[in-house]
Structure formats: C-alpha cells, structure tokens
Amino acid sequence: MHRPTHTHRRVRLLTGFVSVAALLGCLSIGPARADVAKLAEQLRKLDPNVLPQDEESRRKHQRALHEYVRKGLTRANHASTHEWRAVETKADWEAFRAKRLASMRKRIARFPEPPKQLRYRVTKTMDGDGFKIRNVVYESRPGLLVTANLYVPDPLPSKLMSAPAILIVHSHHNPKWQGELQDMGMTWARAGCYVLVPDQLGHGERRQHPFKSVDDYDKPFRVSRQDYYFRYNTGMQLHLIGDSLIGWMAWDNMRGIDLLFQQTAVDPKRVAILGSVAGGGDPAAVTAALDERIDAAVIFNYGGPQPETKFPLPDDAELAFNYAGSGSWESTRNIAHSAGDVDRFLPWEIVASIAPRALIYAHEFAWDKDRDPVWKRFQKIWGEFYGKRDKLASAHGWGGVRLSSREASHCNNIGKAHRKHIHPQFEKWLGIRAEEYSNRRPYADLVCMTDDVAIELGAKPMREVARAAIRKRTQVIHFQLNNMPRTLRCSMTLGGWPDIPTAPVLDEPRYRVRREDAAKPLGDGGRTIQQVVLDRVGVPLPVLIFRPSMSGAPDTPVVLMLAQAGKEALLHARAQAIATLLDGGAAVALIDTTGTGETRPGRDRERGSWSTSLSAGAMMLGTSVCGEQFRDVFALCQYLETKGMRRVVLWGDSTAPVNASDVNTRVPLRVSQPHGSEPAGATLALLQANAFGAASIDPARSRKLRSKVKAVYVNGGLANLRSILSKPFVHVPHDAVKPGMVFDGDVEALVAAIAPTPIRVRGVVNGVNQHVIDDPLREFYGIARSVYGLEGADKALDLKAGPDDAIAAARWVLEQLKREK
C-alpha cells in the first residue's frame, strides 16, 4: 500500500485549513460594512406580503383560523350526533355517559381530596318572618374561602334529616345579595328548606380585583360589571395550572353541598341545585353531573339553545344545531377540550349526565320546544332508557334577549315568571310547597366575611392558592432537570405543554407546498429573496426566505425569526439585524404562523377580541393557537431541510411596546388598557428547541430530520408563566396561555432543558408586561444556571434583563455559528 509522504500530509493539512477558512469566511462578524445599512433600507422597503392582496383574498386569509375552528366544532357536533344515534339501550347510554364524565373530570381540574369535615363559620344571624339568614364562610380549599348566605326555616325542623336543601348558583350579573336570590332564599326557607346562596369565585365578597366603587379608579368605568369581566383573567390564570374556572366553581358548589349535609335537619335524599341564567347554569350543570348527592337540578341557558339562538329552529336541527357552542373570553361556556376529537363532552352531554335524577331544562326567554333536538334526546334518555319521564320538566319565559323588559322575560338570576314553572315540580319531587315571599335586605346585612374569620381560616386570593398548587410540582421538576440527560429533559418539559407534540408525533412531514416561487435577486452581492406558501390545516403559511448568495452554499445556516406581529413587523423593526445576518453568511426565514401577519384575524388582542374568541375555540378542540403555530414552525424546519438548510438558529422576538415601570397596570377592564405583551415568538423558539432536543430519543426520527439547533435567541418573552399569577391583572394575550402549561415546564425549565445549546435571553417581561430587572431574573432562572453549569456550559447561557440591541444579537448569532464551525 502506498503510504503518504510528508509532502502529501502537508498538502492535505493545508487543504483542510483552506476549507475551514473558507467556511469561516462565510460567517463574518466584523464591524458592519457600509452596504449593510443599504441592505437594511432595502429590506424595510420590501413588500412583505406573499399572499394575494385583493380584498376578497385578504378577507379569506384573515378568516382562515376562524374556518379551521369552525370546521373543528362542526366535526365535534357531527361526531356527537353520530355516536348518539348508536345509543339504543340504557347500557349504551351509560357507557356513552361514563366516557364523557371521565373526560370532563380529567380536563376541568385536578381536584384535591374532599375534606373529611368542612370548616365553616357563622358570622352573623338575622331573623325574618318564618326564616333566619345565617351569614356563612366555608373553606373550599386551604386558604380559599367561600362567602354564602344560608336561609333556614324558623322555627327549625324538629326532626333529623327532614328538610329539603337547595343550593342556588347565581348569574354573572350580580352576587348573592341580588333581589331575586333573596326572594328564592326566603320563599323556600319559609317552606321548610335550607337554602344556600354562595358567591361564585370572583364575585361579590370573593372578587379577585380591587374595583369595588367609582372611587377605586380615576376615570369612568363600569363598576357593576368588573366581577363579570375579571372572569377572563381568573380563567386564564387557572388554565395555567391545568384547571379551569368552571372546575373551581363546581368544587366550591360541591363543598357547599357538604355544608348543607352538615346541617342535621337536612334530608340527604332531597337536595336540589339551581343554576341561574347568564353563567349560573354552566357550573350548576357540571356540579350536578359530578355530584350524585344532588337529586334535582334546574339548569338555565345551558346544554341547548341559547338566548341568542334564532327561532324557529330549522327542520334539520338534529344535524344543523351547534351543540358545542363556540369560543369566547368567558371560559365557563366553552370548556377547553370539550369539543376535542378524543376527550369530548359537549354541554348537552353534561346536562344529560344528570339522568335519571330530576331535571328542569330551563330557558330565560321563548323556546322552540317542538324542534329542540336536545329536548328530544333528553326525552329518550329519561323516558325510554330509565322510565322516568316524570323526572324531566321544562321552564321558559317569553320574547327574546334583544327585546325590552316589557316585551321579554329578562331576569337577573331566576325571575318570578320562571319560578312559577319550578314550584310545581319541587312540590312533586321534593315535597316543597312554597308561596312567593319577598322582603329584601340591604347589601350590608348580607356581608359574611370578617377580619377575624379571614385570619383564623387563612384567607388567600385565588391566585395564591393556585401558585401553591404548583409549588411542589415545580420543585420536583427542578430536581429532575438537574438529574436527567438532555433528551429526557426536553421530552419532560414538552409534556407540560398540552397539544405540543413530542418526538414520535413529528416523524412525518405534515405540510404541503402551496406555492414555491423562484428566488429573485436582492440588491447587490448575490443575495436572494424567495416567496413560499406552505399549508398544514388549510391555513396558508406565507414565508420569506433570504439567502446570502444566489448559489446557496451547501449547509447554509438559517435563522428562523418568529414573532406574533409577523414578518412585516420583523422586516421593519429588525431590518438591520437581518442585513447583518445575511452579510455574515446566514440565511434568514420569516413566517406568518397561524393567525399572525397576513392571516391575523384583526388587530385587537384584548378580552373581547376575535383573536381571543378563536383562541378559546381552538382550546375547545383540544389544541391551541400556540400548538398550531408550533407545528407551523416545525413544518418550515422540515421544508428548509429539503433545501439543504440543516443548521438552525431559532430567533423568538417581540416588537410589542413594553409598559414602563411607572405605568399604572392596575386598570379596570373594558377601559383603555396598558400595552399587552406578545411573548409568542420567544415561546415558540423555546418549544422548538426542546422538540429538537427530544428528537434524539427516537433514532428513526433522528434519521428523518437531521437538522440541528445551533443557538437560540429570545427577546420580549415572559420571564416565567407563574408571573401571570402574581397579580389580578393580566396583560398577556389569551393565546399565550394554554391549559396546564406550567405543570411540567415553565419558561425557565424550557431554557434549562436545552443545555448546553447557546442561548441569549433579553427583554423578558412579567404578567403585566413590564421588564424584569436583573436580580429577580437570575432568581427565576436559577434552575437554568444550575443545569448549564452541570453541563460545563456556563458561558452558553447569556442572560440579562432589559431590552436588547438587535444588531448585537445578530452578531452574537454569527459568533455562535462561527464557534460551532
């Protein structure tokens, strides 16, 4: 065999040096050249649009996410109807019901163990004509107290377990002291019943905001509606820990049943729950479905036609009716996962699960009884399957929601006109013979909480109780992160982000190329720009790809720039950074993920926006906007790999303005709000980095996707998700929050898991969109610093508070690519 001479070895060595030098030469990180500024100006002037821009096309693109959600809800409706039609016997129904109840229990909350003995205190007792009112405070969870008025007969029943019991769930209009609630409490207490009227979570004495009167804010606002509006914030906060507002409400109600059962005169076989109009029927139905101690339920405006439903219903209502409902900011009406392909539990199925116990299916206004497909299903369940047709009744009013109070049966909770349908059934089912009575007391008389009781029972705001629920879990996660290899760390953290797929799910390309234009020259120097449109779920994904040279050198590194504002905002705000990256030899890809940029469904991102409704609708389907955007970015990575771009840098950014430290973020809802954060870009970059890290668990998948994340840059993301639980105010968009997203991995866990991948973190904000300063930031990311230290990569974690300079960030990216080479 011929052995290489010293000269040959020297030639090979020099050739190797030349090859490395050539590669390093492609990645320039020296001072910005004059043409970089010129290139940046060209980028700013580019038309960022990839999709057709005629009016009809733009409207279609902006409705793309809406259509995706609408089709998913329609699919859920048809699937429910199809499965219902296969139910022919009582056994079939009970199997159908068991599956729905199991899904609902799984999705609405991680319920704690119920207390063996409920802790409660009576803080005041008032005499009435044939009744007494006890002001009560009971503990639903450690530190979470429920204020309630307990109406009892006077004199008290002489026999044990002889009195019926009623729990009334109020509407979102007013809390427990509202007049109709007092009327019902007094009327049924005089008839020998124990009647409990608690404040729902977030209402009345349990409000989770500070706006009790006009004096609490220096500008006009709707004082009486703040409890209702703040359901939005409370619902988002509970979603963080994998629970829901309706789940916590139902738990409070079940503990209210405990309280009634602890009254020795209460008959445990005669217990009813009433769910008022406008947000009371929802939690009452869930409570009755879960708690079989309840013998009768009156459910208003839930499970079937709503006050907004147009009557008469169509002849094909069985197929055409929207059983699932639709997304909105008020989460009790559109429960996450309720219309999913796997865990489905539609409102009518929840109400039907009460069978064979007694039900009054109630409507605030007029009702199309003959065509209501839900009523027909109830008749089959109660009548044919259980032979209990006498345990099914209805109640309704007249007119419609858009008519005046003289033309329609408007009420605040349950009006006298509606109660006339209830009294006969209660007499028949529960032996209650009642005559209407009213002698309303002032609000101050019905206040339950005292300072002494609050201290004795350890009263806490809901958000503190929620934080305590995840504190131990967070400690476990941090221990595991310190003791796991990278692949397992990444897999574990992704598990805490529901609907974010882990490695095995991502094997197959799940996108198609709608359009792929030829690359065109971009200024001087051989750079190019290419327009591409990808598609995953019917939503177009417009992409701009900038390459540093026309030839497209093999294995060109690519920087994926992600932001909620989309590629147009990035082109304007980060033009200098993009130019620096191109000048340094890196390609840049910009994408409008689902619901952003050219497919953005409007500019408003606050509580009542279309964007919020679509986010809530996606959650009903068992997915999330963030989950869909994650899949969009992964699809782009797959596409870029087919073009030879396998070395990936993830750049997650925000162009949203940040609230200065002196800005008042303590603001009522439905008035002008402080700036909201836009953390989606940073979140997506971290999730993608974890997905690439988890990929190597599956060797087969690793062979299919050979791309590697070489560095991660995040700017303007949330310091951690738990910061959303620190105050009653949430200046974060709805689609930034997914159910359970902190349970197995908050932001600092996502950062820690990818060690030793170089990462630069800048500009992080808290839940009210204000910059986090250095000391708290280092504390928040303690686990990340620990894991990077264990990996011997302390310097790879570049963590600083405050805003960043985009050009400096671009040079940092090029430096990481140069080191990697």
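Criteria and cut-off values
- Residues numbered from 1 in each chain as written.
- Predicted model: local features only at pLDDT ≥ 70, side-chain atom pairs only at ≥ 80, totals over all residues.
- Heavy atoms only, no water.
- Helix = DSSP H or I, 4+ residues; strand = E, 2+ residues; numbered from the N terminus.
- Rg over C-alpha atoms; globule rule 2.2 N^0.38 Å.
- Buried < 20%, exposed > 50% of the residue type's maximum accessible area, 1.4 Å probe, protein only.
- Contact = heavy atoms within 4.5 Å.
- Pairing = 2+ DSSP bridges.
- Axes fitted to C-alpha atoms, helices over the stretch in contact; angles between N-to-C directions.
- Salt bridge = Lys/Arg side-chain N within 4 Å of Asp/Glu carboxyl O.
- Phe/Tyr/Trp six-rings, centres within 6.5 Å; stacked < 30°, edge-to-face > 60°.
- Polar contact = N/O pair within 3.5 Å; in protein donor to acceptor, adjacent residues only side chain to side chain.
- Parallel < 35°, antiparallel > 145°, perpendicular 65-115°, else oblique.
- Nonpolar A, V, L, I, M, F, W, Y, C, P; charged D, E, K, R; others polar.
- Expected span 1.5 Å × (residues − 1).
- Left-handed = near helix turned anticlockwise from the far one by under 90°.
- Disulfide = S-S within 2.5 Å.
- Right-handed = clockwise from strand over helix to strand, strands pointing away.
- pLDDT = per-residue confidence, 0-100.

J.: Can you lay out the overall build of the protein for me, pointing to particular residues and giving the numbers?
T.: Across its full length, the protein carries 27 helices and 19 strands. Expected size for 821 residues packed as a compact globule is a radius of gyration near 28 Å; at 30 Å, the protein falls within 12% of this value. The 821 residues of the protein split such that 58% are buried. Long-range contacts, defined as pairs at least 24 residues apart, comprise 79% of the intrachain contacts of the protein with a sequence gap of at least 6.

J.: Kindly report on the sheet that holds strand S4 (residues 163–169), identifying the contributing residues and their values.
T.: With mixed pairing, nine strands are arranged side by side in an open sheet as S1-S2-S3-S5-S4-S6-S7-S8-S9. Here the strands that pair on one side only, and so sit at the sheet edges, are strand S1 (120–127) and strand S9 (392–395). The mean angle between the axes of side-by-side strands here comes to 20°, regardless of whether they run parallel or antiparallel. Of the strand pairs in this sheet, S4 and strand S5 (residues 194–198) are connected by three bridges, and their pairing is parallel. For Ile-166, the partnering residue across the bridge sits in S5 and is Val-195.

J.: So, the environment of Val-648: which residues are in play, and what are the values?
T.: By secondary structure assignment, the location of Val-648 is in strand S16 (residues 647–652). For Val-648, a relative accessible area of 2% puts it in the buried group. Sequence separation of Val-648 and Thr-487 is 161 residues, and the distance between their C-alpha atoms is 18 Å. Val-648 has contacts with Val-558, Leu-560, Ser-707, Lys-708, Val-709, Lys-710 and Ala-711, leaving out every residue within four places of it along the chain.

J.: Got a sec to walk through the pattern of salt bridges? Specific residues and values, please.
T.: For the structure on display, the rule yields 54 salt bridges. Note that Arg-44 and Glu-41 form a salt bridge whose closest N and O atoms lie 3.3 Å from each other. With a gap of three residues between them, Arg-44 and Glu-41 both fall in helix H2 (residues 34–45), about one helical turn apart. You can call Arg-44 partly exposed: its relative accessible area is 30%. One salt bridge connects Asp-632 with Arg-536, and the closest N-O pair in it is separated by 2.7 Å.

J.: Break down the packing of aromatic side chains for me, citing the residues and quoting the values.
T.: The final tally for this structure, using the stated rule, is 26 aromatic pairs. Their ring planes at 40° and their centres at 5.5 Å tell us that Trp-188 and Phe-426 sit as a pair that is tilted. Of this pair, Trp-188 sits in helix H6 (residues 179–190) while Phe-426 is found in helix H14 (residues 416–430), placing the two residues 238 residues apart along the sequence. Each member of the pair, Trp-188 as well as Phe-426, is classed as buried. When the centroid spacing of 6.3 Å and the interplanar angle of 85° are considered together, the rings of Phe-211 and Tyr-217 count as edge-to-face.

J.: Report on the side chain of Gln-178, specifying residues and quantitative values.
T.: Position of Gln-178 among the secondary structure elements: in the loop between S4 and H6. Polar side-chain contacts of Gln-178 include one of 2.9 Å to the side chain of Asn-413.

J.: I'd love a proper account of the pairing of strand S12 (residues 528–535), names of residues and values included.
T.: Successive side chains on a regular strand alternate, one facing one side of the sheet and the next facing the other. Of all eight residues making up S12, seven are buried, and the element is well covered by its neighbours. Across four bridges, strand S10 (residues 512–516) lies against S12 in antiparallel orientation. Among the inter-strand pairings, Arg-512 is bridged to a residue of S12, identified as Asp-535. Between strand S11 (residues 520–521) and S12, which follow one another and run antiparallel, lie six residues, and Gly-523 among them has a positive phi close to 65°.

J.: So what's going on with the environment of Gly-397? Residues and values would help.
T.: Along the chain, the position of Gly-397 falls in the loop between S9 and H14. Counting along the chain gives eleven residues from Gly-397 to Ala-408, while the straight-line C-alpha distance between them is 7.5 Å. Residues within four places of Gly-397 in sequence aside, it is in contact with His-363, Glu-364, Phe-365, Ala-366, Ser-409 and His-418.

J.: Requested: an account of the packing of helix H8 (residues 231–240) against helix H16 (residues 462–481), with residues and values cited.
T.: Where H8 contacts H16, the axes come no closer than 10 Å and their chain directions differ by 10°. Here H8 is positioned roughly parallel relative to H16, judged by the angle of their axes. Here Thr-234, Gln-237 and Leu-238 of H8 come into contact with H16, specifically with Met-462, Arg-463 and Ala-466. Considered class by class, the residues forming the contact of H8 with H16 number three nonpolar, two polar and one charged.

J.: Residue-level account of helix H19 (residues 575–583), with values.
T.: Among the nine residues in H19, eight count as buried, and that is most of the element. Within the span of H19, buried status applies to Ala-575, Ala-577, Ile-578, Ala-579, Thr-580, Leu-581, Leu-582 and Asp-583. At the exit of H19 stands Gly-585, carrying a positive phi of roughly 100°.

J.: Can you break down helix H4 (residues 64–85) residue by residue, with the values?
T.: For H4, built from 22 residues, the straight-helix expectation of 32 Å at 1.5 Å per residue is met to within 8% by its first-to-last C-alpha distance of 32 Å. For H4, every residue scored as buried is listed here: Ala-64, Leu-65, Tyr-68, Val-69, Gly-72, Leu-73, Ala-76, Asn-77, Ser-80, Thr-81 and Trp-84.

J.: Give me the packing of H4 against helix H13 (residues 373–385): which residues, what numbers.
T.: Axis separation between H4 and H13 bottoms out at 13 Å; the angle between their running directions is 25°. By the angle class used here, H4 and H13 are roughly parallel. As H4 runs across H13, the sense of the crossing is left-handed. Across the interface between the two elements, Ser-80, Thr-81 and Trp-84 of H4 pack against Arg-377, Lys-380, Ile-381 and Phe-385 of H13. Per-class residue counts for the contact of H4 with H13 are three nonpolar, two polar and two charged.

J.: Give me the state of the cysteines: which residues, what numbers.
T.: On inspection of all chains with the given rule, the structure shows zero disulfides. Here Cys-193 is not cross-linked by a disulfide; its sulfur's nearest cysteine counterpart is in Cys-448, at 20 Å. For Cys-193, a relative accessible area of 0% translates into the label buried. The thiol of Cys-490 is unpaired, and the distance to the nearest cysteine sulfur, on Cys-637, comes to 14 Å. You can call Cys-490 buried: its relative accessible area is 0%.

J.: Give a description of the pairing of S4 that names residues and reports values.
T.: Counting buried positions over the seven residues of S4 gives seven, a clear majority of the element. Side chains of S4 alternate between two faces, with Ala-163, Ala-165, Leu-167 and Val-169 and Pro-164, Ile-166 and Ile-168 buried alike. At this point the chain moves from S4, through H6, to the parallel S5, and the crossover so formed is right-handed.

J.: Please give an account of unusual backbone geometry that cites residues and values.
T.: Trans is the prevailing form of peptide bonds, just as negative phi is the prevailing case for residues other than glycine. Here the bond from Phe-311 into Pro-312 is cis, since omega is 0°, no more than 30 degrees from zero. Tracing the chain through its elements places Pro-312 in the loop between strand S7 (296–300) and helix H11 (317–320). The step from Ala-755 to Pro-756 runs through a cis peptide bond, and the omega angle for that step is 15°. Looking at the element boundaries, Pro-756 is found in the loop between helix H24 (747–753) and strand S18 (759–762). One non-glycine residue, Ala-278, lies in the positive phi region at around 55°.

J.: Break down the confidence of the model for the protein for me, with residues and values.
T.: Of all residues in the protein, 92% have pLDDT values of 70 or greater, and the mean over the chain is 90. Note on residues 1–26: pLDDT under 50 across the span, and seven contacts to partners over four residues away in sequence or across chains. Confidence over residues 697–703 falls short of pLDDT 50; this stretch has twelve contacts with residues more than four positions distant or in other chains.

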